[in-house]
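# Breakdown of the fold
Given next are the chains, with one letter for each unit.
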Amino acid sequence: MARITYIEHDGTPHEVEVKPGMTVMEGARDNGVPGIEADCGGACACSTCHVYVAPEWVDRLPPRDPMEEDMLDFAYEPDPVRSRLTCQIRVTPELDGLVVNMPEKQI
């Protein structure tokens, strides 16, 4: 299991354990973490699972693919470096300790 900390916009943290092979979005959804809506269910067809990856984790994640880049254009206040869609981040043991911050809202 990988421990992932999801931090709400107001600073409330939610630390959960997520099974490798799942996505960061599925970890939030399955553990009732508020702030990750995941309207498309993980198909990379919306931006409602948008987060800001903690700076120390940005270079440790796989790069965004073109489809994720396109969907981030629709996210609320995307950051060119830190924004990611959690449906596109597959959990591995190396992600143990990952920290993501939720935006003020999802659109």
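Residues numbered from 1 in each chain as written. Predicted model: local features only at pLDDT ≥ 70, side-chain atom pairs only at ≥ 80, totals over all residues. Heavy atoms only, no water.

The protein chain carries the name 2Fe-2S ferredoxin in an unreviewed UniProt entry, which gives Paracoccus jeotgali as its organism. What the UniProt record of the protein chain gives under Cofactor (unreviewed entry) is the line "[2Fe-2S] cluster". As its UniProt record puts it under Sequence similarities (unreviewed entry), the protein chain is described as follows: "Belongs to the adrenodoxin/putidaredoxin family." (UniProt positions renumbered as here; feature names shortened; annotations may be inferred.)

## Comments concerning the nonpolar core
Ranked by internal contacts, the top residues of the largest apolar core, which has 30 residues, are Ile 4, Tyr 6, Val 24, Ile 36, Leu 85 and Leu 98. Secondary-structure elements contributing two or more residues to this core are β1 (2-7), β2 (13-18), α1 (24-30), β3 (50-53), α2 (66-72) and β5 (98-101). Not counting chain neighbours up to four residues away, the residues in contact with Tyr 6 comprise Thr 12, Pro 13, His 14, Val 16, Val 18, Val 24, Gly 27, Ala 28, Val 33, Val 100 and Met 102. (Core = buried A, V, L, I, M, F, W, Y, C linked by side-chain atoms within 4.5 Å. Buried < 20%, exposed > 50% of the residue type's maximum accessible area, 1.4 Å probe, protein only. Helix = DSSP H or I, 4+ residues; strand = E, 2+ residues; numbered from the N terminus. Contact = heavy atoms within 4.5 Å.)

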